[in-house]
Amino acid sequence: MGRLHELVRPPVTGPQARELARAECERRGLGWEEPARVRRRLLVYEVWTASQRTGGNLVVEVDAHSGQIRRVRSLPR
Amino acid sequence: MSAQVIVLDAVRLRRAADRLAAIAGRQTEIGSRLRQLSTLPFPAGPWQGVPAELARIGSGLVALAAELEEMAADLRRRARRVQELGAGVWSGPAPMAGPFGSAVSRPVMPWIRLPDGSVLLGAGITSAGPPLPPWGRGPGRRLQQLVGRLGRLIARHPVQDLEVACLVLGLIPELGLPFNLAAAGLEFSRGDDGAAAVSLAAAAADVVGVAVEVRLLEMGAGATESAQAGAAMRVGRLGDWSYADLPPGALGGTLPDGTILIQRGLEGRMLLETLRHELLHSALRQLPPVRFVVVRLYPWSRLWRYLEEAAAEGYATGRPLAAAVFPIREGYVTVRGLVSEAVGAAVAGAGVGASAWRAATSGKGS
């Protein structure tokens, strides 16, 4: 029951995931561009920078349970 | 039987004929200029075949202009015939019970009155023109239908759209020549000599690039990038693009207004491919009818994102298989997300279809 609850309402919220992604980008020296879009998959938040642009975005994956950064990648074009 | 419909408006037909004749005049002029260019002394080596090629293109354009003149004359004949028919058809009572497509009754002669007062008339009016070519049945008939559809499609689009289409298609390496020539024709016809000169130069670069490529292959030098010369020339004038500082690993991006951003320092083949990729995104975001939908669909629909990215990559690289895996390989979408959305869309579509079918059949039964 507890796990189901975590799936429905994970400990990390969308705005928190956004801030975690922003801090990670700044720590790595990658440019953070607004507007950023947060989208939740089952256990992971996906944060896209410069979301109005098609291509050249940074995508940060944040664990919805622990808040850990899983992966940072950039879309080529 | 499908009715052929033409505009029953003599003034409009004459205006179209005049426009065709004007385009033909311009094309003759371009053809003559190309022929003159072909008489210039070219350096020996790989340029040797260029004058002959220029002369051939010039002759082709002049021949095409003659055909356009014929079409213009045909349109004028139709205009005269329409004028003769007009009084006979419209002085009496209405020749049909309902307008074209009406469910009230089958029209004797399908027609529709446009908001500007002109009239579209169906079967029967085709006798105004010369008899249709004897293509018979089968493939010939299908080709005729295809050409007819293409003609109607072109007629519905403004010249600017056709020009943009020609410019985009002109970027295809080794196949861009006819589109660059068509773009030049359109630009000359609207009086933009500067743009037309660029299009002609791109076409000439295409010719030279292909000629050089063929020559090098004959000499056993292997494939080079020469055939992309025309496409590379286009890069200078295509769309609104500028260098920008994008995140590391990024090559380019497109803003919602169609502006293209390219990673600073990108050059050569990678620049060309990235520009072509972004061009497709940009074109979709500048077309008024689809722009509204595309800008909203891209961030939220994984299926659409996959299709758009695959199409853009296919257009950029010319490799359909690599393009099909590009959005997944680069992380635009995941296979799971794509499949779940496709299944969802299929189920929703089937549900809507079933409801519509049920509603239609229950309506018939009652």
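This structure is a prediction, so every number in the text was calculated from the model and none was measured.

1. Description of the overall build of chain B
Here is step 1: Across its full length, chain B carries 12 helices and six strands.
Here is step 2: In chain B, which comprises 366 residues, the share counted as buried stands at 36%.
Here is step 3: Expressed as a percentage of contacts within chain B between residues at least 6 apart in sequence, the contacts between residues at least 24 apart total 55%.
Here is step 4: Carbon together with sulfur atoms contributes 65% to the accessible area of chain B, which is approximately 20700 Å² in total.

2. Brief notes about the pattern of salt bridges
Residues and elements named next belong to chain A.
Here is step 1: In total, this model carries 21 salt bridges over all chains according to the counting rule given.
Here is step 2: Here Glu34 makes a salt bridge to Arg22, at a shortest N to O gap of 3.3 Å. Of this pair, Glu34 sits in the loop between helix H2 (14–28) and strand E1 (37–40) while Arg22 sits in helix H2; the two residues are 12 residues apart in sequence, bridging distant segments of the chain.
Here is step 3: When its relative accessible area of 27% is taken as the criterion, Arg22 is described as partly exposed.
Here is step 4: Through salt bridges with shared partners, a single network forms among Arg18, Glu19, Arg22, Glu26 and Glu34.

3. Observations concerning the interface of chain B and chain A
Here is step 1: Each partner contributes to the interface: chain B provides 33 residues, whereas chain A provides 17 residues.
Here is step 2: Buried area between chain B and chain A, both sides added, is near 2100 Å², and the carbon and sulfur share of it is 54%.
Here is step 3: Contact with chain A buries surface across chain B, with Pro247, Trp300 and Tyr332 of chain B losing the most and accounting together for 22% of the total.
Here is step 4: Here Glu273 of chain B ties to Arg77 of chain A by a salt bridge, and the two come within 3.7 Å at their closest N and O atoms.
Here is step 5: For the side of chain B that touches chain A, the elements supplying multiple residues, two or more each, are strand E5 (252–254), helix H8 (268–286), helix H9 (288–300) and helix H10 (302–317) of chain B.

4. Some thoughts on the packing of aromatic side chains
Residues and elements named next belong to chain B.
Here is step 1: Evaluation of the coordinates by the stated rule reveals one aromatic pair over all chains.
Here is step 2: Relative to Tyr332, the ring of Phe326 lies with its centre 5.5 Å away and its plane at 40°, an arrangement referred to as tilted. One exposure class covers both Phe326 and Tyr332, and it is buried.
Here is step 3: Sitting above the plane of the Phe292 ring, Arg296 keeps its charged end 3.9 Å from the centroid.
Here is step 4: The lysine or arginine in question, Arg305, covers the ring of Tyr298, its NZ or CZ lying 6.0 Å from the ring centre.

The rules we used
Residues numbered from 1 in each chain as written. Chains lettered and ligands numbered in written order. Predicted model: local features only at pLDDT ≥ 70, side-chain atom pairs only at ≥ 80, totals over all residues. Heavy atoms only, no water. Helix = DSSP H or I, 4+ residues; strand = E, 2+ residues; numbered from the N terminus. Buried < 20%, exposed > 50% of the residue type's maximum accessible area, 1.4 Å probe, protein only. Contact = heavy atoms within 4.5 Å. Areas by Shrake-Rupley, 256 points an atom, 1.4 Å probe, with all protein chains shown as cover. Salt bridge = Lys/Arg side-chain N within 4 Å of Asp/Glu carboxyl O. Buried area = accessible area lost by both parts, 1.4 Å probe. Phe/Tyr/Trp six-rings, centres within 6.5 Å; stacked < 30°, edge-to-face > 60°. Lys NZ or Arg CZ within 6 Å of the ring centre and 35° of its normal.

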